[in-house]
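# Structural characterization, general
Each chain, letter by letter, is given below.
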Amino acid sequence: MTTGTGAGTCRTGTATTGAAGASGPGGAAGTARTTGTAGTPAGLTQHSGTRGGIGESTLRPDGTLKVTGEFAYSSDMWHEDMLWGHILRSTTAHAEIVSIDTSAALAQPGVYAVMTYDDLPTDVRHYGLEIQDTPVLAHGRVRHHGEPVAIVAADHPETARRAAAKIVVEYRELPVVTDEASATAPGAPLIHENRTDLPQGPPTGSGPGGTPVIGHVPHPNIVHRQPIVRGNAEEAARRADFVVRGEYTFGMQDQAFLGPESGLAVPGEDGGVDLYVATQWLHSDLRQIAPVLGLPEDKVRMTLSGVGGAFGGREDLSMQIHACLLALRTGKPVKIVYNRFESFFGHVHRHPAKLTYEHGATRDGKLTHVRARIVLDGGAYASASPAVVGNASSLGVGPYVVDDVDIEAVALYTNNPPCGAMRGFGAVQACFAYEAQMDKLAAAVGMDPVEFRRLNAMKQGSVMPTGQVVDSPAPVAELLRRVKAMPLPPERQWESSEGADVRQLPGGLSNTTHGEGVVRGVGYAVGIKNVGFSEGFDDYSTARVRMEVVGGEAVATVHTAMAEVGQGGVTVHAQIARTELGVSRVTIDPADTRVGSAGSTSASRQTYVTGGAIKNSCELVREKVLELGRRRFGTYHPAWATAELLLEDGKVVTDGGEVLADLVDVLGEEAVEVEAEWRHRPTRPFDPRTGQGDGHVQYSFAAHRAVVEVDTELGLVKVVELACAQDVGKALNPLSVVGQIQGGTVQGLGMAVMEEILVDPATAKVRNPSFTDYLIPTILDTPTLPVDVLELADDHAPYGLRGVGEAPTLSSTPAVLAAIRNATGLQLDRTPVRPEHLTGTA
């Protein structure tokens, strides 16, 4: 099997990184500054002078390969005798399957196998992240447009596609459920009859057809419901001097990763299968795949292949089971690669939402209460909807102190495309609404919107609406102050002595304006995001660390199952090993299921949790190495028994810097290896009726200021600048941190002004499944992105770090909307904003 080269691909080799790629800390020139307190980061177990450790902007081991086009992504994999798989998808959103005729497809020359639901090898025919409600192949009926119905394996991808097109499926159309009204109406079609996942307990009512309904899940077409009740919001509302209300609409966003879903399944001689795949969570995939195949987990061997972006869209299964089924059926390797059209149907999206909010304040600007109802459309299958509901509700007030809160969040089952994890995970939708409300309320009170936010900002020691005390730095007011204090970009940058530079104007090179009708607006927003898995989930990671002499030099090898999806985890893992073990050479083994689970690359958790696991395993290895040194050399120097010993620059040294031995001599022919699990502090489930509980392990905060210019005649928007201030606890790799913040910021910009999957409300069919019609920001749409990084250590986290990747996605969208409102005076209660919303032609 040929898989190319590059760290993180599914090749059999490893990625070795030395310290030669290290560079000084900092981000892109002129775009970032880092401030914080001096001293040793929290949790640092030894002062390491080894170059390339934490706090440095070491270069990515996969970076050069990626920018030169040599990196092997999952879609690049090849096997000399492989077949190609293809998936036949439903052409309708809700219908009974009357019959499936595969005879013409099987008769196609070059076709090796065609499989439908009836051909599945076991009685386990459904899967799912939290609720196993998704069929491997549709049976009885289809529940959304693009649902897999049959799979084909052939000797050429075009042959497989043509064969799939010859499969005849007869459908009998059924009424579609597309929103809350149609989902909960009397006699509404149930998306999933006979649900078995409802909470246990006595029924408190009955749904359609007498279906038992358990208190806090009031209808079978509601996946999950989570109230957050604290204080008495109704009574507090009567004390408010100002009350503002708003109804908001948040569109369906796609993760839009550039690398399509792809993988290669190779049948093994032992009856098992080797799967090389681009995913976010190897062990979750394994847990869902093995029962469907009827194999023990040790016979489904998974290896991460090169991942071309994820953002939550690879947390659910896509082609994994289908490739394995076809490989085992044919006895040949099978490769499946989605095209872009298929990709839009092959993964979940961000939940669209309807949000209704009420905020109150006193005359002096203090918040009195928040009441809200958040309705998330989960589509046809549950995916991660229950956890998204938990985030939307528990974070639904934002980073503010409010004593009286009444929030209800629900996720629906509908016939729309399935929705699940995406960067920000429920907190994004809520942030869009509560930040619009804060601007409305500031105007009603007569305060500056930034000062109004700062007045009500939470801080360390504040109490969340869930009753949880924020026990680490929460510099919300400071972040707002910093982002407001940044210099504003010059106005009318398009003007020059040679006339208007249309590239600097709304509409760009389409030359729609030379400045006529163009007005500037400035807007602010701030958000709060949880870090890590929540609500009592056993969130842990596993790290295997080995230290030995190779080629006359002490080398550390780190092996985890973490999915490197572009976030730079492989870089940070090597930095941690250098810091803790004092070696320059670190080898990162490819991620696979030969080592214990690392959990998902999501929830901004991997540097915290898998980084914590690597730090822990390195500490255990270090102790074993020092014990080995004491046995070998302890009689030669009393410091072996009395001093605090460190590993630094390949040597054992005292805390005073005296060298006791070279690591090569300490290790000799021995290798020291540890594999251990590591967990953060436990969380607890939210009370199902009040939402009270310590549900999250850590919070992250980011604030944005957007500067926009709007052509009010044509409704075109140019985002001139999108500045961010964010607290990261400790920047383990400052350049990567700035990259994450800027990337999240641009993804939020896309949601503000262009990105939306359009679903026909009459048919529930997707109308724009391509990058021709689904627009994402390009470099021409990307403004200047100044970043101010604040480092205030969280004493509970490894090195004091704080998850970084998601927080900037929250506040960038409402900041852009606030700036457009500031420019136009329009209310703008939906996102994304389109030209017709600005010109009144919608």
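Refer to the structure printed above.
Described in the following lines is the structure provided in the data block. (Residues numbered from 1 in each chain as written. Predicted model: local features only at pLDDT ≥ 70, side-chain atom pairs only at ≥ 80, totals over all residues. Heavy atoms only, no water.)

### What about the overall build of the protein?
Let me state the cut-off plainly: Each helix is a run of DSSP H or I of at least 4 residues and each strand a run of E of at least 2, with the numbering of both proceeding from the N terminus. Using C-alpha atoms as the atom set, the radius of gyration is obtained and then compared with a globule rule of 2.2 Å times the number of residues to the power 0.38. Whether a residue is buried, partly exposed or exposed follows from its accessible area with a 1.4 Å probe, protein chains only, as a fraction of its type maximum: under 20%, in between, or over 50%, in that order. Working definition of accessibility: Shrake-Rupley area with a 1.4 Å probe, residue cover restricted to the visible protein chains. Only four residue types enter the tally: Lys and Arg on the positive side, Asp and Glu on the negative side; His and the chain ends are excluded. Note on charges: their place is set at NZ of Lys, CZ of Arg, CG of Asp or CD of Glu.
Summing up its helical and strand segments, the protein has 19 helices and 33 strands in all. Against the globule reference of 28 Å for 842 residues, the protein gives a C-alpha radius of gyration of 27 Å, in line with a compact fold. For the protein, the spread of C-alpha atoms along the three principal axes comes to 85 × 75 × 70 Å. Residues counted as buried form 61% of the 842 residues belonging to the protein. Carbon and sulfur atoms make up 50% of the accessible area of the protein, which totals about 30,300 Å². On the protein, the mean spot of the 71 positive side-chain charges and the mean spot of the 98 negative ones are 2 Å from each other.

### Some thoughts on helix H11 (residues 449-456)
Let me state the cut-off plainly: Comment: arc refers to directions from the helix axis out to C-beta atoms. Residues are treated as being in contact if the distance between any of their heavy atoms lies within 4.5 Å. Here a polar contact is taken to be a pair of N or O atoms separated by no more than 3.5 Å, where protein atoms must pair a possible hydrogen donor with a possible acceptor and residues adjacent in sequence count only if both atoms sit in side chains.
What H11 keeps buried is the set Val450, Phe452, Arg453 and Asn456. For H11, the arc enclosing every buried residue in end-on projection is 160°, short of the 170-degree limit, so these residues lie on one face. Tucked into the core, H11 has its buried residues touching strand S20 (367-377), helix H10 (427-445), helix H12 (476-485) and strand S22 (518-531). Two to three positions downstream of the cap, the backbone nitrogen of valine 450 sits 2.9 Å from a side-chain oxygen, assigning the N-cap of H11 to aspartate 448.

### A short note on the sheet that holds strand S17 (residues 300-304)
Here is the rule: At least two bridges found by DSSP between two strands are what make those strands a pair. Orientation is described by lines fitted to C-alpha atoms, with helices fitted over the stretch in contact, and by angles between N-to-C directions that extend from 0 to 180 degrees.
Taken together, seven strands build an open sheet; the order of strands is S5-S9-S3-S18-S15-S16-S17 and the sheet is mixed. The sheet terminates laterally at strand S5 (111-115) and S17, the two strands that pair on one side only. Strand after strand, the sheet turns through a mean of 20° between neighbouring axes, direction not considered. Relative to strand S18 (residues 334-337), strand S15 (residues 262-267) runs antiparallel, the two being bridged by four bridges. Across the sheet, leucine 264 pairs through a bridge with lysine 335, a residue of S18.

### Describing unusual backbone geometry
Note on backbone geometry: most residues besides glycine have negative phi, and most peptide bonds are trans. Following threonine 831, the chain continues to proline 832 via a peptide bond in cis, the omega torsion being 5°. Phi is positive for asparagine 511, which is not a glycine, with a value near 60°. On the secondary structure map, asparagine 511 appears in the loop between H12 and S22. Look at serine 604: it is not a glycine, yet its phi comes out positive at around 55°. When you line up the elements, serine 604 lands in the loop between strand S25 (585-588) and helix H14 (606-633). According to the relative accessible area criterion, serine 604 is buried, its value standing at 16%.

### So, the layout of surface pockets
Inclusion rule: The rule is simple: put a 1 Å grid over the protein atoms alone, call a set of points where a 1.4 Å probe fits but cannot get out a cavity, call an open set with protein on both sides within 12 Å along at least five of seven lines a pocket, and count a residue as lining if it has an atom within 4 Å of a point. Grid points are joined across faces, edges and corners, and a volume is the space filled by probe spheres set on the points. Classes in brief: Ala, Val, Leu, Ile, Met, Phe, Trp, Tyr, Cys and Pro nonpolar; Asp, Glu, Lys and Arg charged; the others, Gly included, polar.
Of the voids in this model, the second largest pocket is the one considered here, and its volume is about 950 Å³. Taken together, 38 residues form the lining of the second largest pocket, with Val717, Lys718, Met754, Leu780 and Asp781 sitting closest to its centre. Going through the elements one at a time, strand S31 (716-727), helix H17 (734-753) and helix H19 (835-839) are the ones with two or more residues in the lining of the second largest pocket. Per-element tally for the lining of the second largest pocket: the top contributor is S31, with six residues. Among the residues forming the lining of the second largest pocket, the class breakdown is 20 nonpolar, nine polar and nine charged.

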